Amino acid sequence: MARSVSTQRKLITTVFAWAIGIAIFFPILWTILTSFKTEAAAIADPPVWFNFDWTVENYATVQERSNYFRHFMNSMIISGGSTLLGLIIAVPAAWSMAFVPAKRTKDVLMWMLSTKMLPPVGVLVPIYLLFRDLGLLDTRIGLVIVLTLINLPIIVWMLYTYFKEIPGEILEAARMDGASLRSEIIHVLTPMAIPGMASTVLLNIILAWNEAFWTLNLTAAKAAPLTAFIASYSSPEGLFYAKLSAASTMAIAPILIMGWFSQKQLVRGLTFGAVK
Amino acid sequence: MATKHSRMSARLMISPAVLLLLGWMLIPLSMTLYFSFLRYNLLMPGMEEFTGLTNYRFFLTDPAFFAALWNTIALVVGVLVVTVIGGILLALLLDQPFFGQGIVRILVIAPFFVMPTVSALVWKNMFMNPVNGLFAHAAKALGLQPFDFLSSAPLASIIGIVSWQWLPFATLILLTALQSLDQEQLEAAEMDGAPWIKRFWYIMLPHLARAITVVILIQTIFLLSVFAEILVTTNGGPGTASTNLTYLIYMQSLLQFDVGGGSAGGVVAIILANIVAIFLMRMIGKNLDA
């Protein structure tokens, strides 16, 4: 009896949860569907759901009209580059804070975090003028620099919390067994640090890919990543829903897939370890 | 025990990160502060002169500032209310046993990964457009007059869009916190005959308090800086109906080229953000000791 009640309850919960899940996901689903419609079908009233002539024409048009691939590459280079650069700077810092903590380590960590609290608009003017004078406006390298700096505190923090979980005794044991610092790093630490580093990389690529303040303000046609390129659809000409959908689908697909893999790390990274 | 040598190398390993962040903070901040005391317009090069607090006086007495301040608060509070309440309800639901938990979870968190310009444009055109949007189609099907969301209720519409983007974040964090709750405590309360609402109020909610605080503080930091969603939907309008502080300062500095005034606004924004940041830092700092 008790069992049948709980099964019934489970079924009701299932229906309810799926309905809400699909409702929340619906705008994304609708965008993906619309990207395969003709422009006429995209605004059809009543809306067409699945029974339309599927076409990939929009994807070709978006590429032809505005060289979509170039903006896609800009996004790749900017998010990948800033993550890599951030990692190179952050790994040694997080490493030494986790394994050779000093009195002021905590203060340094907190201070790094406080730089993240700075509202970007507070430094928009100087950064814009510096970029203009240094010739960095609308360049990929300029954006790589800015995104590295704004995400550096998160990278250091995430790595720190992961490194902190590696037990120090293992290092000591390795040292006792006569391992050199080099082999200690290669054979003992790296294998244990890799999962944490992978999650950090994933989360930072996502954050950099979607960053939409500096990318919009510091780029024009040349170095614009997808965030800024998509914004050009805000002043459209003629029918454009299907093309907007195609451009959007391609812009969010890679990060959606990455995001689903990193959902656990997301909590930890975005709360700076405050919720695990 | 750390040796002198390892301390030295540790310091050496930290210094690049520290120096870069120090530069990133100090150089632009001091420039913003300096510009805020100047009459400095990019359209009038060579005319810069010291004007004391004039920029602040103009910025803080501008009616647009009050509108923007109010809109900023409404946007932050509005999104917080929707996402925190919605997040708690969703977390409670997703914590129940049902078929396909993993897939529903994936569907629910998806909006968080959509870049702001895409989600704002998709909502603006394909849902909220008064002629071709899905909401208009639905209204017509029901015999109602289509509603022009972004002109008639611009701020509320933006709150809706931003809430959709942040609901997954709140849900995910609250769900994580909920799953760390001691199940035995709940079962004991259930056996003692405590009804669901009491179990929620006296056991679950206190347990979630920390996570809720973290959600509120972190979201506030990001929500104070909402920009792209406004840029691609309403451009802050009509009038100043959907201009927040970030957007006002952007207009002043990069569209009107008023570097001095924009910088004064920037300083004001920094002060406001810092008030929130102090609380957040305390929360996180406490956790660091544990």
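Residues numbered from 1 in each chain as written. Chains lettered and ligands numbered in written order. Predicted model: local features only at pLDDT ≥ 70, side-chain atom pairs only at ≥ 80, totals over all residues. Heavy atoms only, no water.

J.: How do you make sense of the overall build of chain B when you look at a structure like this?
T.: Per the secondary structure count, chain B includes 13 helices and two strands. When its C-alpha atoms are laid out on the principal axes, chain B stretches across 75 × 75 × 30 Å. Residues classed as buried in chain B amount to 55% of the 290 residues present. Working note: accessible area of chain B is about 13,300 Å², and carbon and sulfur atoms make up 70% of it. Here chain B holds 13 positive side-chain charges and 13 negative ones, and the gap between their average locations is 8 Å. (Helix = DSSP H or I, 4+ residues; strand = E, 2+ residues; numbered from the N terminus. Buried < 20%, exposed > 50% of the residue type's maximum accessible area, 1.4 Å probe, protein only. Areas by Shrake-Rupley, 256 points an atom, 1.4 Å probe, with all protein chains shown as cover. Lys, Arg positive; Asp, Glu negative; His and termini not counted. Charge placed at Lys NZ, Arg CZ, Asp CG, Glu CD.)

J.: How should the overall build of chain A be read in this particular structure?
T.: Tallying secondary structure elements over chain A gives 13 helices and zero strands in all. Each helix and strand of chain A, placed in order from N terminus to C terminus, yields the pattern α-α-α-α-α-α-α-α-α-α-α-α-α. Taking 276 residues into account, the globule formula puts the C-alpha radius of gyration at 19 Å, and chain A, at 24 Å, lies well above it. With respect to the principal axes defined by its C-alpha atoms, chain A has extents near 75 × 75 × 35 Å. Of the accessible surface of chain A, which amounts to about 12,200 Å², a share of 67% is contributed by carbon and sulfur atoms. Taking the average location of the 20 positive side-chain charges in chain A and that of its 15 negative ones, the two points are 8 Å from each other. (Rg over C-alpha atoms; globule rule 2.2 N^0.38 Å.)

J.: What's the story with the packing of helix α9 (residues 181-210) of chain A against helix α12 (residues 241-261) of chain A in this structure? I'm lost.
T.: Think of two packed helices as two axes; the pair is described by the angle between the axes and how far apart they sit. Residues and elements named next belong to chain A. The contact between α9 and α12 brings their axes to 10 Å, and the two run at 150 degrees. Between α9 and α12, the angle is such that the two are roughly antiparallel. Where α9 crosses over α12, the two elements pack in a sense that is left-handed. Side by side, α9 and α12 meet where L202, I205, I206, W209 and N210 of the first sit next to A251, P254, I255, M258, G259 and F261 of the second. (Axes fitted to C-alpha atoms, helices over the stretch in contact; angles between N-to-C directions. Parallel < 35°, antiparallel > 145°, perpendicular 65-115°, else oblique. Left-handed = near helix turned anticlockwise from the far one by under 90°. Contact = heavy atoms within 4.5 Å.)

J.: Before we go on, may I ask you to explain the domain arrangement of chain A in this structure?
T.: How big an interface is tends to be expressed through the accessible area that disappears when the partners come together. Residues and elements named next belong to chain A. With domains assigned, chain A is organised as domain 1 (2-57) and domain 2 (68-270). Relative placement of domain 1 and domain 2: their C-alpha centres are 33 Å apart. Each side of the interface is counted separately: domain 1 has eleven residues, and domain 2 has twelve residues. Buried area between domain 1 and domain 2, summed over both chains or domains, comes out near 880 Å², and the portion from carbon and sulfur atoms is 76%. At the surface where domain 1 touches domain 2, the tally comes to one salt bridge. Close ionic contact of E39 with K243 constitutes a salt bridge, the shortest N to O distance being 3.1 Å. On inspection of domain 1 and its partner domain 2, the count reaches three residue pairs in polar contact (both at pLDDT 80 or more). Elements supplying a minimum of two residues to the side of domain 1 that touches domain 2: α1 (2-34) and α2 (39-42). It is α1 that contributes the most residues to the side of domain 1 that touches domain 2, five residues altogether. (Domains from an automatic or database assignment. Buried area = accessible area lost by both parts, 1.4 Å probe. Salt bridge = Lys/Arg side-chain N within 4 Å of Asp/Glu carboxyl O. Polar contact = N/O pair within 3.5 Å; in protein donor to acceptor, adjacent residues only side chain to side chain.)

J.: Explain helix α12 (residues 245-255) of chain B here, please?
T.: Spacing of three or four residues puts side chains on the same side of an α-helix, whose turn is 3.6 residues. Residue and element names in this part refer to chain B. In terms of burial, α12 is largely enclosed, as ten of its eleven residues are buried. Those residues of α12 that sit buried are L245, T246, Y247, L248, I249, Y250, M251, Q252, S253 and L254. At the exit of α12 stands F257, carrying a positive phi of roughly 60 degrees.

J.: Honestly, the interface of chain A and chain B in this entry has me stumped. Any pointers?
T.: Taken together, the contact pairs 97 residues of chain A with 92 residues of chain B. Taken together, both faces of the contact between chain A and chain B bury some 8,600 Å²; the carbon and sulfur share is 81%. Per-residue buried area on chain A facing chain B is highest for I24(A), M117(A) and Y241(A); these three make up 8% of the total on that side. Summed over the shared surface of chain A and chain B, the result is zero salt bridges. On the surface where chain A and chain B come into contact, there are eleven residue pairs in polar contact (both at pLDDT 80 or more). The leading source of residues in the side of chain A that touches chain B is α1(A), at 19 residues. Partitioning the side of chain A that touches chain B into residue classes produces 71 nonpolar, 19 polar and seven charged. (Nonpolar A, V, L, I, M, F, W, Y, C, P; charged D, E, K, R; others polar.)

J.: Where do I start with the environment of G259(A) in this structure?
T.: With respect to the secondary-structure elements, G259(A) resides in helix α12. Note: C-alpha distance between G259(A) and E39(A) (220 residues apart in sequence) is 30 Å. Aside from chain neighbours lying at most four places away, what touches G259(A) is I206(A) and F113(B).

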